[in-house]
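Given next are the chains, with one letter for each unit.
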Amino acid sequence: IRDERDFKEVFTAEYYNDRDNPGNYLYYRQEADLNLNAINANGSIDPWVIKWFAGNYDGNGHSITYSITVDLATCRQTNIGLFGLLTKSAVVKNLRICNSQIVLKYESPEGSVESGKYIGMIAGGMGRKLNVQDNGTNYNMRIANCRIENSTIDASQLNGHLSAYEFYFGGV
């Protein structure tokens with residue numbers, strides 16, 4: 001992955017999030033620092049676009065920068081981060097997340113939102129989807145040699161009625 005365009009082409013293909021797609025199991029190596037804010041500006045990529053990843057992503061010591069705001073009133077995604085869910089034998093290594101932020105907001109006098117959000121700068125979660133038949137698959141997910149620098153998960157804009165709502169912050 002040489003630039004933001006490569007990242008977008010690889011990870012925003014409509015078929016990519018299909019669990020049976022062989023692309024989910026490939027090896028990706030980042031060759032430059034990436035700023036995904038330029039892609040986000042036109043609304044063409046979500047930072048959790050990689051909803052289900054079982055491949056190997058080698059950041060090669062390079063960084064990714066991104067900034068997103070998640071409106072909990074409309075977001076149906078459970079796992080929120082650069083990678084949504086790491087599963088099977090997924091490996092993310094040698095990656096730096098720099099000058100990035102995830103801002104959570106909710107403004108509603110009444111009502112509730114879908115319960116359970118898992119939020120992390122690299123991955124929202126690691127594990128298996130409960131509705132996937134895995135026939136005894138061995139799960140060996142790992143995040144290794146990664147750093148998060150000058151980055152924030154901000155939940156200060158949660159205003160209104162949040163009944164029986166659970167947040168899980170701080171995933172790497």
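Calculation notes
- Residues numbered from 1 in each chain as written.
- Predicted model: local features only at pLDDT ≥ 70, side-chain atom pairs only at ≥ 80, totals over all residues.
- Heavy atoms only, no water.
- Pairing = 2+ DSSP bridges.
- Helix = DSSP H or I, 4+ residues; strand = E, 2+ residues; numbered from the N terminus.
- Axes fitted to C-alpha atoms, helices over the stretch in contact; angles between N-to-C directions.
- Core = buried A, V, L, I, M, F, W, Y, C linked by side-chain atoms within 4.5 Å.
- Buried < 20%, exposed > 50% of the residue type's maximum accessible area, 1.4 Å probe, protein only.
- Contact = heavy atoms within 4.5 Å.
- Phe/Tyr/Trp six-rings, centres within 6.5 Å; stacked < 30°, edge-to-face > 60°.
- Polar contact = N/O pair within 3.5 Å; in protein donor to acceptor, adjacent residues only side chain to side chain.

What to know about the sheet that holds strand S8 (residues 83-86)
Next, step 1: Pairing is parallel in the open sheet, where three strands are placed in the order S3-S8-S13. Either end of the sheet is taken by a strand with one partner, and the two such strands are strand S3 (50-53) and strand S13 (123-126). Sheet twist, expressed as the mean angle between neighbouring strand axes with direction ignored, is 15 degrees.

Comments concerning the sheet that holds strand S1 (residues 27-29)
Next, step 1: Across the sheet, four strands lie side by side as S1-S4-S9-S14; this open sheet has parallel pairing. In this open sheet, the two edge strands, each paired with only one partner strand, are S1 and strand S14 (142-144). The sheet shows a mean angle of 10 degrees between the axes of neighbouring strands, direction not considered.
Next, step 2: Both strand S4 (residues 56-58) and strand S9 (residues 91-93) contribute to a ladder of three bridges, which runs parallel. The residue of S9 that forms the bridge with Tyr 57 is Val 92.

Thoughts on the nonpolar core
What tends to happen in soluble globular proteins is that the nonpolar side chains get buried as a cluster.
Next, step 1: If you look at the biggest cluster of nonpolar residues, it comprises 30 residues, and the most contacted ones within it are Phe 7, Tyr 57, Ile 64 and Phe 83.
Next, step 2: Sorting the residues of this core by element identifies helix H1 (4-11), S3, strand S6 (67-71), S8 and strand S11 (101-108) as the ones contributing at least two each.
Next, step 3: Counting residues per element, this core draws most heavily on S11, which supplies three residues.
Next, step 4: Setting aside anything within four residues of it in sequence, one finds Tyr 57 in contact with Ile 1, Phe 7, Phe 11, Tyr 28, Gln 30, Leu 34, Ile 64, Phe 83, Val 91, Val 92, Lys 93 and Leu 95.

Some details on the packing of aromatic side chains
Next, step 1: A full pass over the atoms with the stated rule returns three aromatic pairs.
Next, step 2: Where Phe 53 meets Phe 83, the ring centres are 5.2 Å apart and the plane angle is 45 degrees; that geometry is what we call tilted. In this pair, Phe 53 is assigned in strand S3 and Phe 83 in strand S8, connecting sequence segments 30 residues apart. Assigned by exposure class, Phe 53 and Phe 83 land together as buried.
Next, step 3: When the ring of Tyr 57 is compared with that of Phe 83, the centres are 5.6 Å apart and the planes differ by 70 degrees; the resulting orientation is edge-to-face. Taken together, the positions of Tyr 57 in strand S4 and Phe 83 in strand S8 put the pair 26 residues apart, joining distant regions of the chain.
Next, step 4: By relative accessible area, which is 0% here, Tyr 57 ends up buried.

As for the side chain of Ser 100
Next, step 1: By the secondary structure assignment, Ser 100 is in the loop between strand S10 (96-98) and S11.
Next, step 2: One polar contact links the side chain of Ser 100 to the main-chain carbonyl oxygen of Cys 98, over a distance of 2.9 Å.
Next, step 3: Beyond its immediate chain neighbours, meaning those up to four positions away, Ser 100 contacts Ile 64, Thr 65, Tyr 66, Met 121, Asn 150, Ser 151 and Thr 152.

As for unusual backbone geometry
Next, step 1: Even without glycine at this site, Asn 60 takes up a positive phi of about 55 degrees.
Next, step 2: Summarising the element assignment, Asn 60 is placed in the loop between S4 and strand S5 (63-65).
Next, step 3: Relative accessible area serves as the criterion here: at 26%, Asn 60 is assigned to the partly exposed category.

Some remarks on the environment of Gly 124
Next, step 1: With respect to the helices, strands and loops of the structure, Gly 124 is situated in strand S13.
Next, step 2: In this structure, the C-alpha to C-alpha distance between Gly 124 and Gly 84, residues 40 residues apart in sequence, is 5.0 Å.
Next, step 3: Non-local contacts of Gly 124, meaning those with residues more than four positions away in its chain, are made with Asn 79, Ile 80, Gly 81, Phe 83, Gly 84, Tyr 118 and Ile 119.

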